[in-house]
Amino acid sequence: MDEVLLSVNLIWVMLGTILVFFMHAGFAMVEAGFTRSKNAVNIIMKNFLTISLGGIVYFLCGYAIMFGDSVGGIFGTSGFALKGVDDLSFFIFQTMFAATGATILSGAVAERTNIFAYVGVIILMSLVVYPVVGHWVWSGQGWLTDLGFVDFAGSTVVHLTGAVAAFVAAVMVGPRLGKYENGRVNVITGHSIPLGALGVFLLWFGWFGFNGASTLAADPELVPSVIANTFFAAAAGVVATAFYTKFRYGHIDGSLTLNGALAGLVGITAGAANVSIFGSLIIGLIAAPLLVEGVRFLEWKLKVDDPVGAIAVHGICGIWGTLAVGLFDIGGQGLFYGGGFGLLSIQAIGVIATIAWVSVSVAAGLLIIKAFVPLRVTAEEEIAGLDVMEHGTPAYEYQDIFKSSAVRGETFAHRLTHFGKTQNNVQEEQHV
């Protein structure tokens, strides 16, 4: 019986691992859809490099710093390259989380970042930045764990960490050309809302493994509750964002409403195992205005250019989700369930400590990276698009049509006018 239970638990964690891996397809599609078509290949390459290189670095060093024998509850010192580590299922599950934390940064610095500088950031995040926060909370030896900090699946450990890194990087890299001109904030629209919507659905789907498998066992009582809370927080985020943007802007904003699902998901991640369905609905509902106003504040007031809204989604909503545990925990610690301010205060300490550590470490790391490679591409490369300039190929074939027509001195309208005739000539030649 014990062997059967062990096998079922193993299968559940491995299924969760696969689902979290699949989330990276969602991140790639969201980022590609919400940015311009001339940078789609670059977005895809960054996401592939993140999961691949980040996973290797985490295997070599990151996992040891996160789960090794603790030094003062700050970081681990054993298990490098898995030496002495027997539980591969837990390791590979955590590897997917580490890569997720790193990829949040990708969208916030999209369309203008040197890919080699981005590679340096991936190494930095997977090597030390994320593992240190993870050690504080999830190693069972960290100082935040000793305080009683609660973050079930990573509103702070994964999402806030990634968002703070994204904020620092976006500030240091600077905004895209044309985003801010003569005191105006110009809207630079993405090229495919349908692609972004597909990405959100993939992320929502993968999040059931992200939160659900964080139980680390196929618990028949806990798993359904976690998955139900995950769904309802996201659903509330969608509905609330749709209505809030209608009230705020006079129309239901498509891209913000899609991000509303992610806002609800990020918000529920810390307390998915600690709140009721009613609590998850409130968390998702409140995440919506925080997202909308957060995006506006960052873009208009702080002048931080985040093409996909990653900082607001993962950062502001990550803070909200972490604090919400202190309000809605049904185990007796939540403020609204008679627990007082104790847990809420501890949650706030964890948020502040994470922001401080990630800000300082990422800023220092980017300064070191900047000494070897520029953080952003040249103006000429940014205008032309990173697909051709950094990868030698456009994402979409129609760009080749325009390019080849221009080279031969033809207009695209001329090509269309003679398209039928050209096709007929080709068919006639094939029959000869």
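Residues numbered from 1 in each chain as written. Predicted model: local features only at pLDDT ≥ 70, side-chain atom pairs only at ≥ 80, totals over all residues. Heavy atoms only, no water.

- The name an unreviewed UniProt entry assigns to the chain is Ammonium transporter, from the organism Lysinibacillus capsici.
- One UniProt comment on the chain, placed under Sequence similarities (unreviewed entry), says "Belongs to the ammonia transporter channel (TC 1.A.11.2) family." (UniProt positions renumbered as here; feature names shortened; annotations may be inferred.)

## Comments concerning the overall build of the chain
- Helix and strand counts for the chain come out as 17 helices and four strands.
- Computed over C-alpha atoms, the radius of gyration of the chain comes to 23 Å, within 12% of the 22 Å expected from 2.2 N^0.38 for 432 residues, which places it in the range of a compact globule.
- Seen through its C-alpha atoms, the chain measures out along the principal axes to roughly 80 × 55 × 50 Å.
- Within the chain, buried positions represent 53% of all 432 residues.
- In the chain, the share of contacts with a sequence separation of at least 24, taken over all contacts with a separation of at least 6, comes to 76%.
- Taken as a whole, the chain presents about 18,600 Å² of accessible surface, with 70% of it coming from carbon and sulfur. (Helix = DSSP H or I, 4+ residues; strand = E, 2+ residues; numbered from the N terminus. Rg over C-alpha atoms; globule rule 2.2 N^0.38 Å. Buried < 20%, exposed > 50% of the residue type's maximum accessible area, 1.4 Å probe, protein only. Contact = heavy atoms within 4.5 Å. Areas by Shrake-Rupley, 256 points an atom, 1.4 Å probe, with all protein chains shown as cover.)

## Some thoughts on the pattern of salt bridges
- Per the stated rule, a full pass over the model turns up six salt bridges.
- Among the salt bridges present, the one from Arg36 reaches Glu111, with a minimum N-O distance of 3.0 Å. Of this pair, Arg36 sits in the loop between α1 (2–33) and α2 (40–67) while Glu111 sits in the loop between α3 (88–108) and α4 (115–138), and the two are 75 residues apart along the sequence.
- Given the relative accessible area of 1%, Glu111 is considered buried.
- Arg176 is the partner of Glu111 in a salt bridge, and the nearest nitrogen-oxygen pair spans 2.5 Å. (Salt bridge = Lys/Arg side-chain N within 4 Å of Asp/Glu carboxyl O.)

## Points about the UniProt feature "domain: Ammonium transporter AmtB-like" (unreviewed entry) in the chain
- Mapped onto the present numbering, the UniProt feature "domain: Ammonium transporter AmtB-like" (unreviewed entry) falls at residues 12–396.
- Taken end to end, residues 12–396 comprises 70% helix and 2% strand; its first and last C-alpha atoms sit 39 Å apart.

## Concerning a nonpolar patch on the surface
- A contiguous nonpolar surface patch, about 510 Å² in accessible area, is contributed by Phe231, Phe232, Ile277, Leu281, Leu285, Ile286 and Leu290.
- Secondary structure elements with two or more residues in the nonpolar patch: α8 (222–249) and α10 (277–301).
- In terms of residue count, the dominant contributor to the nonpolar patch is α10 (five residues). (Patch = residues over 30% accessible without salt bridge, like charges linked within 9 Å, V, L, I, M, F, W, Y side chains within 5 Å.)

## Regarding empty space enclosed by the protein
- Scanning the entire structure with this criterion turns up three cavities of 30 Å³ or more.
- Taken as a whole, the largest cavity encloses approximately 100 Å³ of empty space.
- Around the largest cavity sit 13 residues that line it, and Phe27, Val30, Val308, Ala310 and His314 are the ones nearest its centre. (1 Å grid on protein atoms, 1.4 Å probe; cavity = no way out; pocket = protein on both sides within 12 Å on 5 of 7 lines; lining within 4 Å. Points joined across faces, edges and corners; volume = space filled by probe spheres on them.)

## Digging into the nonpolar core
- Residues Tyr130 and Trp138 are the most contacted members of the largest nonpolar core, which totals 97 residues.
- Core analysis: the next-biggest nonpolar cluster, separate from the first, contains seven residues, Ala28, Met29, Ile43 and Ala110 among them. (Core = buried A, V, L, I, M, F, W, Y, C linked by side-chain atoms within 4.5 Å.)

## Notes on the environment of Gly140
- Along the chain, Gly140 falls in the loop between α4 and α5 (143–147).
- Taking the C-alpha atoms as reference points, Gly140 and His391, 251 residues apart in sequence, are found 43 Å from one another.

## Let's talk about the packing of α1 against α2
- Their axes nearest at 9 Å, the elements α1 and α2 cross at an angle of 155 degrees. When the axes of α1 and α2 are compared, the pair comes out roughly antiparallel. Crossing angle aside, the handedness with which α1 passes α2 is right-handed. The segment α1 lies against α2, with Phe21, His24, Phe27, Ala28, Glu31 and Ala32 engaging Ile43, Asn47 and Ile51. (Axes fitted to C-alpha atoms, helices over the stretch in contact; angles between N-to-C directions. Parallel < 35°, antiparallel > 145°, perpendicular 65-115°, else oblique. Left-handed = near helix turned anticlockwise from the far one by under 90°.)

## Description of the packing of helix α7 (residues 193–212) against α8
- Remark: α7 packs on α8, axes separated minimally by 9 Å, with the N-to-C direction vectors making an angle of 140 degrees. In terms of orientation, α7 and α8 fall into the oblique class. As for how α7 packs across α8, the hand of that crossing is right-handed. Side by side, α7 and α8 meet where Trp204, Trp207, Phe208, Asn211 and Gly212 of the first sit next to Val223, Val226, Ile227, Thr230, Phe231, Ala234, Ala235 and Val238 of the second.
- Tallied by class, residues from the contact of α7 with α8 come to ten nonpolar, three polar and no charged. (Nonpolar A, V, L, I, M, F, W, Y, C, P; charged D, E, K, R; others polar.)

## A look at the packing of aromatic side chains
- Evaluation of the coordinates by the stated rule reveals 17 aromatic pairs.
- Pairing Trp204 with Phe231 gives two aromatic rings, centres 5.8 Å apart and planes at 25 degrees, and the pair type is stacked. Residue Trp204 is located in helix α7, and its partner Phe231 is located in helix α8; the two are separated by 27 residues in the primary sequence.
- One residue, Lys46, lies across the ring of Tyr118, its end atom 5.1 Å from the ring centre.
- The ring of Trp300 carries Arg296 above its face, with NZ or CZ at 4.9 Å from the centroid. (Phe/Tyr/Trp six-rings, centres within 6.5 Å; stacked < 30°, edge-to-face > 60°. Lys NZ or Arg CZ within 6 Å of the ring centre and 35° of its normal.)

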